[in-house]
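Observations on chain architecture
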Amino acid sequence: MKIIKQFIQIILIAIFSSSCMKSINKEDPIENMKKNINENSNTEKKRMEIKFSCEEDGISEYLDDGWNILKEDSQEKICTWKSVPATKDCNMEKDKGCKITTPDRIGEEKIYLLEK
């Protein structure tokens, strides 16, 4: 039984050592790593998400700078709020508890996903 265990261990060691020898590149491994890093850094693309609210639009600046729009989404957003009296008899100057804040102007928020 001991002989079989030793034989199995020798075979496993031989397999592991031979597999490691095949994976070693004969060229300078440090130079290969530098080449891979440079290639990866050049192919990486930058992504950015920007939002413009309430009739603001500055997307043309980004497009002129070389950014491309991957995805565009829009949603409704409240631009300004106003205070109104809760009842007809309410004096908002004297009684702050009867003041209600409601949306005044509703606009659109545009969300862009950009890639360069």
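Structure: above.
Residues numbered from 1 in each chain as written. Predicted model: local features only at pLDDT ≥ 70, side-chain atom pairs only at ≥ 80, totals over all residues. Heavy atoms only, no water.

So, on to the state of the cysteines. For the coordinates displayed, the defined rule picks out two disulfides. For C54, the disulfide goes to C79, at an S-S distance of 1.9 Å. Every disulfide takes its handedness from the sign of the S-S torsion; for C54 and C79 that torsion is -105°, giving left-handed. Taken together, the residues span a long stretch of sequence, with C54 in the loop between β1 (47-53) and α3 (59-64) and C79 in strand β2 (residues 68-85) at a distance of 25 residues. The class for C79 is buried, based on a relative accessible area of 19%. A disulfide bridge connects C90 with C98, and the sulfur atoms are separated by 1.5 Å. Its torsion about the S-S bond being 65°, the disulfide of C90 and C98 is classed as right-handed. Each member of the pair, C90 as well as C98, is classed as buried. Sequence-ordered numbering of the bonded cysteines in the protein chain yields a pairing of 1-2, 3-4. (Disulfide = S-S within 2.5 Å. Helix = DSSP H or I, 4+ residues; strand = E, 2+ residues; numbered from the N terminus. Buried < 20%, exposed > 50% of the residue type's maximum accessible area, 1.4 Å probe, protein only.)

Time to look at the sheet that holds strand β3 (residues 99-115). Strands sit in the order β1-β3-β2 across an open sheet of three strands; the sheet is antiparallel. Of all the strands in the sheet, just β1 and β2 have a single pairing partner and so form its edges. Neighbour-to-neighbour, the strand axes of this sheet turn through a mean angle of 20°, independent of strand direction. By the bridge criterion, 16 bridges tie β2 to β3 in an arrangement that is antiparallel. Paired with K77 across the two strands is G107, which belongs to β3. (Pairing = 2+ DSSP bridges. Axes fitted to C-alpha atoms, helices over the stretch in contact; angles between N-to-C directions.)

For the coordinates displayed, the defined rule picks out one aromatic pair. Relative to Y112, the ring of F52 has its centre 6.1 Å away and its plane inclined at 65°; by these criteria the two rings are edge-to-face. A residue pair is termed long-range when its members are at least 10 positions apart, and F52 in strand β1 and Y112 in strand β3 qualify at 60 residues. We note that F52, like Y112, is buried. (Phe/Tyr/Trp six-rings, centres within 6.5 Å; stacked < 30°, edge-to-face > 60°.)

Membership of the largest hydrophobic core is limited to six residues, which are I50, F52, I59, W67, Y112 and L114. Only β1 and β3 provide two or more residues apiece to this core. The residues contacting F52, other than those within four sequence positions of it, are D57, G58, I59, Y62, E108, E109, K110 and Y112. (Core = buried A, V, L, I, M, F, W, Y, C linked by side-chain atoms within 4.5 Å. Contact = heavy atoms within 4.5 Å.)

A contiguous patch of negative charge, built from E55, E56, D57, E72, D73, E76 and E108, is present on the exposed surface. Structurally, E76 is set in strand β2. (Patch = residues over 30% accessible without salt bridge, like charges linked within 9 Å, V, L, I, M, F, W, Y side chains within 5 Å. Areas by Shrake-Rupley, 256 points an atom, 1.4 Å probe, with all protein chains shown as cover. Salt bridge = Lys/Arg side-chain N within 4 Å of Asp/Glu carboxyl O. Lys, Arg positive; Asp, Glu negative; His and termini not counted. Charge placed at Lys NZ, Arg CZ, Asp CG, Glu CD.)

Further remarks concern the side chain of E115. Within the fold, E115 resides in strand β3. At 3.3 Å, the side chain of E115 and the side chain of R47 are in polar contact. Apart from the residues within four sequence positions on either side, E115 is in contact with K45, K46, R47, G66, W67, N68 and L70. (Polar contact = N/O pair within 3.5 Å; in protein donor to acceptor, adjacent residues only side chain to side chain.)

Remember that the coordinates give geometry; whether it matters functionally is a separate question.
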